[in-house]
Amino acid sequence: MVAANELVLEKPGMQSEEALVEQWLEQLDVALQSESHASAASLFAPESHWRDLLAFTWSITPYQGAENIAAAMVTKQGTAKARGFAIAAGRTPPRRIQRAGIEVIEGIFEFETAVGRGFGVVRLLAAEPSRAFQLMTGLHELKGFEEKIGKRRPTGAAFSRNFGGTNWREQRLAAQAYTDREPVVLIAGGGQAGLSLAATLGRIGVDALVVDRFERVGDCWRQRYHSLALHNDTSFNHLPYMPFPPSWPTYLPKDMVADWFEAYAWAMEINFWTSTELVSGSYDAAAGRWNAVVRNANGTERTLHPKHLVFANGLVGFPHIPQMPGLKDFKGEVMHTTEFTNGANWRGKKALVIGTGTSGHDVAQDLHANGCETTIVQRGSTMVLSIDPSAKLVYGVYNGVPLEDGDLFASTNTKPIVKKNLQLLTARMVENDKKTIDGLIARGFKFDAGEDGAGHQWKVRMRYGGYYLDAGCAKLIIDGEVGLLQFDQIERFVEGGALLKNGSVEPADLIVLATGFVPQEVVVTKLLGEAVAKKVGPVWGFGADGEMNNMWKRTAQEGLWFVGGSFANCRTYSRYVAVQIKAIEEGLLSKRKPVESKKSVDDVPATVQ
Ligand SMILES: Cc1cc2nc3c(=O)[nH]c(=O)nc-3n(C[C@H](O)[C@H](O)[C@H](O)COP(=O)(O)OP(=O)(O)OC[C@H]3O[C@@H](n4cnc5c(N)ncnc54)[C@H](O)[C@@H]3O)c2cc1C
């Protein structure tokens, strides 16, 4: 091995990608073992990005710029004791590829720390492969507490051929009942986020109970509107451990997903109480546990005492019902999209759908398809894009690589890179969908391509709305099959519909409010009180450090966690949440989140162009 700052690389192209990555990793190892700031700094381009997922920082932490990266890495190395950096066997081999518009040599590596083992991704500048443009380090397991899967699967000795004793089914029922113990983790919400986390915790021996207010596992999809199909290709939507069958269609209908969730909860042996709602909670700091009140459908309450309470309730809370002038005078039916099931009930009637996000368009299309004369009302500008080819572009990072490698590649990006990537992709999306966008604009539709042209996925990260993945409603609007009104054309709602500023009335029997949801903070206030909500602050959306506020990491409220998002988010981050909780339970990590410095990632100039 040579010292990091002595490395002289031959001309790019002279060495294989594998050799270049291997050499860089060796240099990183040397720099870390000697805790040399200068050596570490020399391994990064002046404009470079490091995202640490627990391995060095026990949080999800981005750094920017060679000097900052080296300073943090060397400081954290004192306790992290990272070593053994080497190209990961059996993963996508190092290769040249464009990331954020820059040619890089990208490789997946493995390493270990004092407490665990991890995987990471390095992207070397192809033009200067002695320096990294991006690095990700993720802690995937704790030593001595590895997942009980594959060769480590449970023996089943506790119930197999247990003559005269209880069998598997009886033990499962007893485990589910929690009559003689408390769950270590209580997860409120059993959608993809709650299920992924419960499955992952279960594999490392953390006792978790999921409660969901719905009657059946999977109702979070089953109860949605009749025609719903997922927006992302099935091949990117898998839950951890148990992929969907390879014969399943490209875009899954809601009921297939719902029934799969039910099968998944059973197969992954998840303790799940249906028809059970988390109604309130308070943290007993002295005892280090929650008093969490859950209520079942017949009103019976039980106070559980988990050490960790996880909100997996959908990131958004209750339906948002905006104040709209005169709505109380309207004599027809008013419902939020969450209450809308099927347009067939409105055949031959007239409907106004308020809101032009995905749900608004889908509901309008369903009503129209069922013979209901429908007008959609736009309140703010909206990004519209095709599901295929445009929305698919976001998942390009998964193309041609195994899902778990794609998850690593996707989670390497910090905020500036996410934005740059999305700007590049959005430009292609707008080009792809030009005809549709022009047609909509010609009809008076207000289109936008997201903040700084970063498109719908930026909107997802900022506020989880403001875009429509086009399932066909755009054409209906362009062709005038579905009417379009701007909200500011409406004076007020009246008995028979909407009175417009021009004096005419847009008649309606039904008004559907596709107006989104209140933010998670409101739910936290309602369930855990204002003091906790204030202490925790916003949930989701980019925080000052460039990471999602309070997501998948310790929060300012001891023992309170937030999970959620897309299947990819749930699959990727459930592992990191589970590792943190296990580390706390095993005394490797403090339950209390350290006070963070106020320095924002934006204090460091973002120079990605
Ligand atoms: C048309 C459409 C297509 C989509 N396609 C995709 C796609 O292809 N891929 C993708 O990744 N995402 C897709 N999404 C987005 C997806 O719906 C959400 O990202 C996803 O539902 C979030 O999962 P979750 O587990 O965080 O929340 P949810 O699925 O909303 O589940 C939250 C659960 O929490 C329960 N709950 C809430 N409060 C409480 C409480 N107090 N006590 C107990 N239980 C509670 C609810 O009953 C619910 O079951 C799509 C959305 C729509 C509308």
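Look a little higher up for the structure.
Residues numbered from 1 in each chain as written. Predicted model: local features only at pLDDT ≥ 70, side-chain atom pairs only at ≥ 80, totals over all residues. Heavy atoms only, no water.

Tallying secondary structure elements over the chain gives 16 helices and 27 strands in all. A globule of 609 residues ought to have a C-alpha radius of gyration of about 25 Å, and the chain, at 26 Å, matches this closely. Taking the principal axes of its C-alpha atoms as reference, the chain extends roughly 80 × 70 × 50 Å. Classification of the 609 residues of the chain by burial places 55% in the buried group. Across the chain, every contact between residues at least 6 apart in sequence was considered, and the portion connecting residues at least 24 apart equals 68%. Taken as a whole, the chain presents about 25800 Å² of accessible surface, with 52% of it coming from carbon and sulfur. Across the chain, the centroid of the 65 positively charged side chains sits 3 Å from that of the 68 negatively charged ones. (Helix = DSSP H or I, 4+ residues; strand = E, 2+ residues; numbered from the N terminus. Rg over C-alpha atoms; globule rule 2.2 N^0.38 Å. Buried < 20%, exposed > 50% of the residue type's maximum accessible area, 1.4 Å probe, protein only. Contact = heavy atoms within 4.5 Å. Areas by Shrake-Rupley, 256 points an atom, 1.4 Å probe, with all protein chains shown as cover. Lys, Arg positive; Asp, Glu negative; His and termini not counted. Charge placed at Lys NZ, Arg CZ, Asp CG, Glu CD.)

Quick look at the site of the ligand now. The environment of the ligand is made up of 32 residues, and the closest members are Asp212, Arg224, Asn232, Tyr464 and Phe567. Leu278 places a polar main-chain atom, nitrogen or oxygen, 2.9 Å from a nitrogen atom of the ligand. Across the complex, the protein chains shield 89% of the 990 Å² of accessible surface that the ligand would expose by itself. Of all elements in the fold, only α5 (192-203), α6 (219-222) and β11 (276-284) reach the threshold of two or more residues within the shell around the ligand. (Near = heavy atom within 4 Å. Polar contact = N/O pair within 3.5 Å; in protein donor to acceptor, adjacent residues only side chain to side chain.)

The next point concerns the sheet that holds strand β13 (residues 301-304). Taken together, the three strands give an open sheet; going across it, the order is β11-β12-β13, and neighbouring strands pair in antiparallel fashion. Of all the strands in the sheet, the pair left with one neighbour each is β11 and β13. Within this sheet the neighbouring strands show an average axis-to-axis angle of 20°, counted without direction. In terms of strand pairing, strand β12 (residues 289-296) meets β13 through four bridges, oriented antiparallel. When the bridges of β13 are listed, Arg295 appears paired with Glu301. Across the face of the sheet, helix α14 (residues 520-528) comes into contact with β11 and β12 while running at roughly 75° to β11. (Pairing = 2+ DSSP bridges. Axes fitted to C-alpha atoms, helices over the stretch in contact; angles between N-to-C directions.)

Among the nonpolar cores identified, the biggest contains 166 residues, and Trp24, Ile187, Ile270, Phe311 and Leu367 are the most heavily contacted of them. By residue number, the principal contributor to this core is helix α16 (residues 567-585), which donates eleven residues. When neighbours within four sequence positions are excluded, Ile270 is seen to be in contact with Arg172, Gln176, Leu195, Ala198, Ala199, Val210, Tyr264 and Ala265. Counting 14 residues, the second largest nonpolar core, distinct from the first, contains Leu327, Phe330, Ile354 and Ile511. (Core = buried A, V, L, I, M, F, W, Y, C linked by side-chain atoms within 4.5 Å.)

A word on the pairing of strand β19 (residues 383-386). Neither face of β19 is exposed, since Met383 and Leu385 on one face and Val384 and Ser386 on the opposite face are all buried. Sheet analysis places β19 next to strand β20 (residues 467-470), joined by four bridges and oriented parallel. Bridge assignment links Ser386 to a residue of β20, and that residue is Asp470.

This brings us to helix α3 (residues 66-80). Side chains of residues three or four places apart in an α-helix project in the same direction, reflecting 3.6 residues per turn. If you check α3, its first and last C-alpha atoms are 19 Å apart, about what 15 residues at 1.5 Å a residue would give, namely 21 Å. If you check which residues of α3 are buried, you get Ala66, Ile69, Ala70, Ala72, Met73, Val74, Gln77 and Ala80. Check the buried side of α3 and you find it contacts α1 (17-33), α2 (37-41), β1 (44-53), β2 (60-64) and β7 (128-142). Following α3 by one or two positions, Lys81 has its phi on the positive side, about 50°. (Expected span 1.5 Å × (residues − 1).)

Across its 18 residues, helix α10 (residues 415-432) extends 25 Å between first and last C-alpha, which sits within 8% of the 26 Å expected from 1.5 Å per residue. Every buried residue belonging to α10 is among Lys415, Pro416, Ile417, Val418, Lys419, Lys420, Asn421, Leu422, Leu425, Thr426 and Met429, and all of these are buried. On its buried face, α10 is in contact with β1, β2, β4 (95-99), β7, β19 and α12 (455-463).

With parallel pairing, the five strands of this open sheet are ordered in space as β16-β25-β17-β18-β21. Of all strands in the sheet, those with a lone pairing partner are β16 (333-336) and β21 (483-486), marking the two edges. Recorded for the sheet is a direction-independent mean angle of 20° between the axes of neighbouring strands. Examined bridge by bridge, strand β17 (residues 350-354) and strand β25 (residues 510-513) share four bridges and lie parallel to one another. Bridge pairing links Ala351 to Leu510 in β25. Where helix α8 (residues 358-369) meets the sheet, its contacts fall on β17, β18 (373-378) and β25, and the angle it forms with β18 comes to roughly 165°.

In the structure shown here, the tally under the stated rule is zero disulfides. For Cys220, which is in no disulfide, the shortest distance to another cysteine sulfur is to Cys570 and amounts to 10 Å. In this model Cys372 remains outside any disulfide bridge; the closest cysteine sulfur is found in Cys473, 12 Å from its own. A residue is classified by how much of its surface remains accessible, and Cys372, at 2% relative accessible area, is buried. (Disulfide = S-S within 2.5 Å.)

Moving on to the environment of Pro507. Looking at where Pro507 falls in the secondary structure, it is placed in strand β24 (residues 505-507). Separated by 398 residues in the primary sequence, Pro507 and Phe109 have C-alpha atoms spaced 62 Å apart. Ignoring any residue separated from it by four or fewer positions in sequence, one finds Pro507 in contact with Lys350, Gly496 and Gly497.

The linkage connecting Asp388 with the following residue, Pro389, adopts the cis geometry, with an omega of 20°. Counting through the fold element by element, Pro389 comes out in the loop between β19 and α9 (403-410). Located in the positive-phi region is Arg161, a residue other than glycine, with phi close to 45°. Structurally, Arg161 can be placed in the loop between β7 and α4 (168-177). Owing to a relative accessible area of 71%, Arg161 belongs among the exposed residues under this scheme.

This part takes up the packing of aromatic side chains. Here the structure, examined in full by the defined rule, presents 23 aromatic pairs. Plain terms: the ring middles of Tyr464 and Trp540 are 5.3 Å apart, the flat faces sit at 40° to each other, and that makes the pair tilted. Residue Tyr464 is found in the loop between α12 and β20, and its partner Trp540 is found in the loop between α15 (530-536) and β27 (560-562); the two are separated by 76 residues along the sequence. Look at Tyr464 and you get partly exposed, because its relative accessible area is 34%. Residue class for Trp540 comes out buried when judged on its relative accessible area of 9%. (Phe/Tyr/Trp six-rings, centres within 6.5 Å; stacked < 30°, edge-to-face > 60°.)

What follows covers the side chain of Thr426. Looking at where Thr426 falls in the secondary structure, it is placed in helix α10. Classification of Thr426 by relative accessible area gives buried; the value is 2%. Side-chain polar atoms of Thr426 contact the backbone oxygen of Leu422, separated by 2.6 Å. The residues touching Thr426, leaving out its near neighbours within four places in the chain, are Met383, Ala449, Gly453, Ala454 and Gly455.

That's the geometry; what it means functionally is another story.
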